[in-house]
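Listed below are the residues making up each chain.
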Amino acid sequence: MNSDCLFCKIAAREIPAQIVYEDENTLAFLDINPVNPGHTLVIPKKHSVDIFEIEEKDWGAVMHVSRRIAHALERALKPAGINLGMNNRAGAGQMVFHSHVHVMPRFEGDPHKPWPGHPYAEGAFAATGDKIRAALNSESD
Ligand code: 5GP
Ligand code: ZN
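Residues numbered from 1 in each chain as written. Chains lettered and ligands numbered in written order. Predicted model: local features only at pLDDT ≥ 70, side-chain atom pairs only at ≥ 80, totals over all residues. Heavy atoms only, no water.

Caption draft 1: The sheet that holds strand E4 (residues 81-85), seen in detail. The strand order across the open sheet formed by 5 strands is E1-E2-E3-E5-E4, and the pairing between neighbours is antiparallel. Of all strands in the sheet, those bounded by a partner on one side alone are strand E1 (19-22) and E4. Taken over all neighbouring pairs, the strand axes of this sheet differ in orientation by 20° on average, direction set aside. (Pairing = 2+ DSSP bridges. Helix = DSSP H or I, 4+ residues; strand = E, 2+ residues; numbered from the N terminus. Axes fitted to C-alpha atoms, helices over the stretch in contact; angles between N-to-C directions.)

Caption draft 2: Local environment of unusual backbone geometry. Within the chain, Lys78 stands out as a residue other than glycine whose phi angle is a positive 50°. The phi dihedral of Arg89 falls on the positive side, at around 75°, and the residue is not glycine. Along the chain, the position of Arg89 falls in the loop between E4 and strand E5 (101-106). Look at Arg89 and you get partly exposed, because its relative accessible area is 48%. (Buried < 20%, exposed > 50% of the residue type's maximum accessible area, 1.4 Å probe, protein only.)

Caption draft 3: Main features of the site of ligand 1. Around ligand 1, the surrounding shell holds 16 residues, and the nearest of these are Asp31, Gly93, Met95, His100 and His102. Contact distances for ligand 1 include 2.5 Å between an oxygen atom and a side-chain N or O atom of Asp31. Between ligand 1 and the protein, one listed contact pairs an oxygen atom with a backbone N or O atom of Val96 at 2.9 Å. Look at ligand 1: alone it shows 520 Å² of surface, and the protein chains cover 85% of it. Of all the elements in the fold, those that place two or more residues in the shell around ligand 1 are helix H1 (6-11) and strand E2 (26-30). Here the element with the most residues in the shell around ligand 1 is H1; it accounts for 3 residues. The class makeup of the residues in the shell around ligand 1 is 9 nonpolar, 6 polar and 1 charged. (Near = heavy atom within 4 Å. Polar contact = N/O pair within 3.5 Å; in protein donor to acceptor, adjacent residues only side chain to side chain. Areas by Shrake-Rupley, 256 points an atom, 1.4 Å probe, with all protein chains shown as cover. Nonpolar A, V, L, I, M, F, W, Y, C, P; charged D, E, K, R; others polar.)

Structure below.
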């Protein structure tokens, strides 16, 4: 528990939340400012800042629960589709620095669109693949 952390406080029931699921390692609750009604956040109970800090075991648990939440949203709200997302670091739009996955129901006609794609510059497609393959081959974590 990080006493300065909003989501740790939610997990500790120090701040009220619409909790929809809980188990030993994870908690899922409604986002207070949703993309659409039903937008749910899935967190590990153990504090970690982001994808770079979360332990493999907690990440697995969060993924498992995110899938369950997606299926529950599907049954409960009949959305047109569901996006999963995670913001890591301020540079990617993270505002609450406790790891969380967004499970976001989407409805026909809602104003939210997928992120835009941009084509690679000449030669950059293969070069980027090379860089990432090299990083994976030299990984230490
Ligand atoms: P981030 O940008 O860090 O990925 O998203 C943080 C999310 O937490 C935002 O979507 C925001 O609406 C949500 N949020 C911020 N404060 C609270 C809160 O006090 N309670 C709940 N349930 N959600 C919150
Ligand atoms: Zn925390």
